[in-house]
Amino acid sequence: MAIISGGKSLRKQKDNTPLIVNGDMAVAQRATSSTSDGIETCDRWQIRKTSLDQLALTQAQSDAVPGHGFKFSYKYDTTTVEDALASDEALAIETRLEANTLQSLKYGTAQAEATTLTFWAKSSLTGVHGIYIRTHDGAQEFVQSYTIATADTWQKVAINIPANTAKVITNDNGIGWWIQWILAAGSSVDGASLGAWHDNATEIAPASQVNLMANTSYEFCLTGVQLEIGTFTATTTPAFPFESFHDNLARCQRYFHKQQSAFIADTTTGFIFNVNFPVTMRAAPTQTHAYPESGGTANDLYKQSSAATPTFVPNGIFMNTKGLTTGYDHDGGYTKNDGYSTFWQFDAEL
């Protein structure tokens, strides 16, 4: 019985249909490559930097494990090294799980469930790599190590996670878990106790954690992430629950999506408009927009009858989880009854 598949999926007990999925890294709404940290390529996945001042990187949607059904992976690549790893510096790939998808774990009760985190990884370095999990409610941490046996070779890994009877995961739309794949960790944040839940420790990585930002030839790739109720090995974990791209995309759009919208100016000083979301979002999102989508100036609108791009200064926007319901612009400079369009991005990430 799977709870979360692909780092972002919850599978129904009866029909094995994933509810939230991008563990095969198939959806990348923002871009397929980026030189920034944060969520910039594969939906629901990000690079997390702590106290780093020199590192430059590329994250990308990349090729994945041949012969296992995965077409894509999430790839980290060092492009400028961090010359010296300071004691408080750390680097990780991170995903965040919504709390209401984790209720079947029954945390904080005597019936709490043990789970197994399984994934495929390919690293430029052999040796010790770390997994860090944090509960948002109750602030407990779990750290475990795994060993990459052969460099630049796909390897399936299983991490057994004990039940947590001490801390309840609140049933809401906030953060339930952070999960991090540690890529580097300084001396004050490595050396964690392994294999058990503990309170508010500063260590996020195992001792002897490899440093994947020390050389520009180093890369790390990840795909096929799933979290199952029960204790399994890499060879006994239930099969990855692949789903259609349409269903995968719809689940990702709960947290982020973009679309183009067109409007008619009802006066020379502005217009009224509505934008409906393709799915109900996790929370009322923040919005940004520009025209054209690639390379446009923030807040630009495109005027259908000419090349003019008047500035759009929203006023009176009412946003909820289903759409941008009403807005009126008071910046002026519009042609009454003319059409305008722009590209929107709506973000409700955890």
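Residues numbered from 1 in each chain as written. Predicted model: local features only at pLDDT ≥ 70, side-chain atom pairs only at ≥ 80, totals over all residues. Heavy atoms only, no water.

Asker: Got a sec to walk through the pairing of strand β13 (residues 219-229)? Specific residues and values, please.
Answerer: As a general feature of sheets, a regular strand has side chains that alternate between the two faces. With respect to burial, β13 is a largely interior element, ten of its eleven residues being buried. With four bridges joining them, strand β5 (residues 73-80) and β13 adopt antiparallel strand pairing. Bridge pairing links Y76 to F220 in β13. Direction of pairing for strand β7 (residues 115-123) relative to β13: antiparallel, over a ladder of eight bridges. Across the sheet, the residue bridging to K122 is C221, located in β13. (Buried < 20%, exposed > 50% of the residue type's maximum accessible area, 1.4 Å probe, protein only. Helix = DSSP H or I, 4+ residues; strand = E, 2+ residues; numbered from the N terminus. Pairing = 2+ DSSP bridges.)

Asker: An account of the nonpolar core is requested, with residue identities and associated values reported.
Answerer: Y76, I93, L117, F119, I161, W177 and W181 are the most contacted members of the largest nonpolar core, which has 45 residues in total. Beyond its immediate stretch of four places on either side in the chain, F119 contacts I131, Y146, Q155, K156, V157, I159, W181, L222, T223, G224 and V225. Of all hydrophobic cores here, the second largest spans 14 residues; its members include A265, V275, Y334 and F346. (Core = buried A, V, L, I, M, F, W, Y, C linked by side-chain atoms within 4.5 Å. Contact = heavy atoms within 4.5 Å.)

Asker: Which residues make up the sheet that holds strand β12 (residues 198-199), and what values go with them?
Answerer: Reading across from one edge, β3-β6-β11-β8-β9-β12 is the order of the six strands in this open sheet, with antiparallel pairing throughout. In this open sheet, the two strands that pair with only one neighbour each are β3 (46-50) and β12. Judged from the five bridges that link them, β3 and strand β6 (residues 90-98) form a sheet pairing that is antiparallel. Directly across from T50, in β6, lies its bridge partner A90.

Asker: Hey, could you go over helix α1 (residues 245-252) for me, with residue numbers and the actual values?
Answerer: Every buried residue of α1 is listed here: N248, R251 and C252. The buried side chains of α1 occupy one side of the element, clustering within an arc of 100 degrees when seen end-on. Next to the buried residues of α1 lie β14 (256-264). (Arc of directions from axis to C-beta.)

Asker: Talk me through the pattern of salt bridges; I want residue IDs and the actual numbers.
Answerer: Pairs can form between side chains of opposite charge once their charged atoms are near each other. Per the stated rule, a full pass over the model turns up ten salt bridges. Of the charged contacts, one joins R44 and E349 as a salt bridge, the two residues approaching to 2.3 Å between their closest N and O atoms. Taken together, the residues R44 in the loop between β2 (33-34) and β3 and E349 in the segment after β21 (339-347) connect sequence positions 305 residues apart. A salt bridge links E98 to R254; the shortest N-O distance between them is 2.7 Å. Of this pair, E98 sits in strand β6 while R254 is found in the loop between α1 and β14, placing the two residues 156 residues apart along the sequence. Owing to a relative accessible area of 23%, R254 belongs among the partly exposed residues under this scheme. A single network of salt bridges, built from pairs that share partners, joins R30, D43, R44 and E349. (Salt bridge = Lys/Arg side-chain N within 4 Å of Asp/Glu carboxyl O.)

Asker: So what's going on with the state of the cysteines? Residues and values would help.
Answerer: Scanning all chains against the criterion turns up zero disulfides. In this structure C42 is not part of a disulfide, and its nearest cysteine sulfur, from C252, lies 9.4 Å away. Classification of C42 as buried rests on a relative accessible area of 0%. Judged by its relative accessible area of 1%, C252 falls in the buried class. (Disulfide = S-S within 2.5 Å.)

Asker: Which residues make up unusual backbone geometry, and what values do they have?
Answerer: With the exception of glycine, most residues fall at negative phi, and the peptide bonds are largely trans. Residues other than glycine seldom take positive phi values, yet D152 does so here, at roughly 55 degrees. Residue position: D152 is located in the loop between β9 (140-148) and β10 (155-161). For S208, which is not glycine, the phi torsion reads 70 degrees and is therefore positive. Relative to the helices and strands, S208 resides in the loop between β12 and β13.

Asker: A description of the side chain of D137 should follow, citing residues and the corresponding values.
Answerer: With respect to the element layout, D137 can be found in the loop between β8 (127-135) and β9. Of the side chains bearing the opposite charge, R134 lies closest to the buried D137, which forms no salt bridge; the N-O distance is 9.9 Å. Here the side chain of D137 touches T170 through a polar contact of 3.0 Å, landing on its backbone nitrogen. Contacts of D137, omitting those with residues within four sequence positions, involve K167, V168, I169, T170 and I175. (Lys, Arg positive; Asp, Glu negative; His and termini not counted. Polar contact = N/O pair within 3.5 Å; in protein donor to acceptor, adjacent residues only side chain to side chain.)

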